[in-house]
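Each chain, written out:
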Amino acid sequence: MPETLLEVNHLKKYFPITKGLLNRTVGQVKAVDDISIRLQPGETFGLVGESGSGKSTVGRTILRLTEKTAGEVKFKGVDIHTLPPEELRGLRPKMQLIFQDPYSSLNPRVRVGDAIGEALLDHGLCSRSDVRDLVLETLESCGLSSYHIDRFPHEFSGGQRQRIGIARALILNPELIIADEPVSALDVSIQAQIINLFSKLQQSRGLTYLFISHDLSVVEHLCTTIGVMYLGSMVETASRDELFRHPLHPYTKALLSAVPIPIPKLKRERIVLKGDIPSPANPPSGCKFHTRCPFAEEVCRSQVPVFRDAGGGHFVACHLV
Ligand code: SF4
């Protein structure tokens, strides 16, 4: 059994709600509320849920871009939230984040080659004379051409910009990549190309991914395991095949009903959820999903369902399962 690459245990991230001149804390936004994830090297975990479910905060808290409230994040057995800043900096290249909109993180006045190579120099991972060769090699791995190295960000299409975002992460030779909605701003045909690129890079470099998306159809082709989040909590996790064949949680079923089936004759009945996701500052009592669940019963309003194994490593939090 290979060493676990990433182990997240009961992670919580609460943001204080403050009021008045003295910034008195009057409440908490429970953006991430008891999330556990385990990733073996070379695996892809898909984290799915609507906007506002806390997925991005999970990614940022894992990487310690924001401090946790409670819980534990271990990368190769090392608890990264207790590491001194110097040691954390040494570990940073191994854990990279890819954003939905790489354009916002690119300086429009900096040539793409310099933008990709700067992190290498910042971390002292290579000499100035070697940077250009490494950038050229990385551009090629990401499906870009050598002449792109001297161009500016505005000269690229959306898909090419995402390839630049991937190249910036890849050049540091990471082991774990957290990709936060990396294709949701792209057209469907370009999405497929970028997902294929993620897949190709995983095979050639043995990368491990935490892939965050609001769309189950995006994670379907890439992920080995899928976790479904609702209002800061995990409501279901299972292997990709098991989750797509036997979804157990009503929320997962609703998300799945929106995934198109490639065979036109086979139609899934669309489950349309009523209302919007409630505010995490004031989540519903009991099962947080009860205000939108078509199957809610009295017990759902008063008791929090336990997240438990429904069989064969398929975990779900629902009173009716
Ligand atoms: Fe619906 Fe109740 Fe299950 Fe929550 S616990 S998902 S409200 S049936």
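Right, let's walk through the structure included here. Within each chain, residues carry numbers counting from 1 in the order of the written sequence. Where local features are concerned, this predicted model is filtered to residues with pLDDT of at least 70; where side-chain atom pairs are given and counted, the filter is 80 or more; whole-chain, interface and lining totals use all residues. Derived side-chain values reflect all non-hydrogen atoms in the structure, with water molecules and hydrogen atoms excluded from consideration.

**Quick word on the overall build of the protein**
Helix and strand labels come from DSSP, where a helix needs a run of H or I of at least four residues and a strand needs a run of E of at least two; each type is numbered from the N terminus. What the protein contains, in helices and strands, is 10 helices and 12 strands. In terms of overall dimensions, the protein has C-alpha extents of about 70 × 60 × 45 Å along its principal axes. Of the contacts made within the protein by residues no fewer than 6 positions apart, 63% connect residues no fewer than 24 positions apart. As displayed, the protein has an accessible area near 16,000 Å², and 50% of this comes from carbon and sulfur atoms. Residue contacts follow a heavy-atom distance rule, with two residues in contact if any of their heavy atoms lie within 4.5 Å. Methods summary: accessible areas were calculated by the Shrake-Rupley approach with a probe of 1.4 Å, and residue burial reflects only the protein chains presented.

**Some remarks on the site of the ligand**
Residues in contact with the ligand, as listed here, are His249, Pro250, Cys287, Phe289, His290, Cys293, Phe295, Ala296, Cys300, Cys318, His319 and Leu320. Of all the cavities here, the one that holds the ligand is the largest cavity. Under the convention adopted here, Pro, Cys and the residues Ala, Val, Leu, Ile, Met, Phe, Trp and Tyr are nonpolar, Asp, Glu, Lys and Arg are charged, and Gly plus all remaining residues are polar. Of the residues contributing to the shell around the ligand, the split by class is nine nonpolar, three polar and no charged. Residues are counted as near a molecule or strand when any one of their heavy atoms sits within 4 Å of it. A 1.4 Å probe that fits into a set of points on a 1 Å grid over the protein atoms alone but cannot get out defines a cavity; an open set with protein on both sides within 12 Å along at least five of seven lines defines a pocket, and lining residues are those with an atom within 4 Å of a point. Occupancy of a cavity or pocket is assigned to a molecule whenever over half of its atoms lie within 2 Å of that pocket's grid points.

**Description of the layout of surface pockets**
Estimates place the volume of the largest pocket at around 660 Å³. Taken together, 28 residues make up the lining of the largest pocket; nearest its centre are Asp34, Ser233, Met234, Val235 and Phe307. Only β2 (24-39), β9 (225-230) and β10 (233-239) provide two or more residues apiece to the lining of the largest pocket. In terms of residue count, β2 provides more of the lining of the largest pocket than any other element does, six residues in total. Across the lining of the largest pocket, the residue classes tally to 14 nonpolar, nine polar and five charged. Grid points are joined across faces, edges and corners, and a volume is the space filled by probe spheres set on the points. Here the second largest pocket is characterised by a volume of approximately 480 Å³. If you trace the second largest pocket, you find 20 residues lining it, with Gln96, Leu97, Phe99, Arg168 and Leu172 closest to the centre. Among the elements of the structure, β6 (95-98), α3 (112-122) and α5 (158-170) are those that each provide at least two residues to the lining of the second largest pocket. Of the residues assigned to the lining of the second largest pocket, the class counts are 11 nonpolar, five polar and four charged.

**With respect to the nonpolar core**
Ile116, Ile166, Phe198, Phe211, Leu216, Ile226 and Tyr251 are the most contacted members of the largest nonpolar core, which totals 59 residues. With residues up to four places along the chain from it excluded, the contact list for Ile116 reads Val135, Leu139, Ile164, Ala167, Arg168 and Ile171. For the purposes of this section, nonpolar cores are sets of buried Ala, Val, Leu, Ile, Met, Phe, Trp, Tyr and Cys residues that join through side-chain atoms within 4.5 Å. Burial here depends on accessible area, computed with a 1.4 Å probe over protein chains only, as a share of the maximum for the residue type. Under 20% is buried, over 50% is exposed, and the range in between is partly exposed.

**Quick notes on empty space enclosed by the protein**
In this approach a probe as big as a water molecule rolls over the atoms, and the regions it shows empty are the leftover space. Throughout the structure, instances matching the rule amount to one cavity of 30 Å³ or more. Space inside the largest cavity adds up to approximately 80 Å³. Taken together, His249, Pro250, Cys287, Phe289, His290, Cys293, Phe295, Ala296, Cys300, Cys318, His319 and Leu320 make up the lining of the largest cavity. Class assignment for the residues of the lining of the largest cavity results in nine nonpolar, three polar and no charged.

**What about the sheet that holds strand β11 (residues 308-309)?**
If you walk across this open sheet you meet the eight strands as β6-β7-β8-β3-β9-β10-β12-β11, and the pairing is mixed. Each edge of the open sheet is held by one strand with a lone partner, namely β6 and β11. A pair of strands is treated as paired once DSSP finds two or more bridges between them. Pairing between β6 and strand β7 (residues 176-180): four bridges, direction parallel. Note on β7: the bridge partner recorded for Ile98 is Ala179. Seen against the sheet, helix α1 (residues 55-62) touches β3 (44-48), β6, β7, β8 (208-213) and β9 and runs at an angle of roughly 150° to β8. To obtain each axis, a line is fitted to C-alpha atoms, and for helices this fit is confined to the stretch in contact; angles are then taken between N-to-C directions over 0 to 180 degrees.

**Comments concerning the packing of aromatic side chains**
Between rings of Phe, Tyr and Trp, where Trp is taken as its six-membered ring, a pair exists when centres lie within 6.5 Å; planes separated by under 30 degrees are stacked, by over 60 edge-to-face, and by other angles tilted. A complete count under the given rule lists six aromatic pairs for this structure. Both rings, one in Phe198 and one in Tyr209, keep their centres 5.3 Å apart while their planes meet at 90°; by these two values the pair is edge-to-face. Of this pair, Phe198 sits in helix α6 (residues 188-205) while Tyr209 sits in strand β8, placing them 11 residues apart in sequence. Ring geometry for Phe198 and Phe211: centres 5.4 Å apart, planes at 85°, overall edge-to-face. Within this pair, whereas Phe198 is found in helix α6, its partner Phe211 is found in strand β8, the two being separated by 13 residues in sequence.

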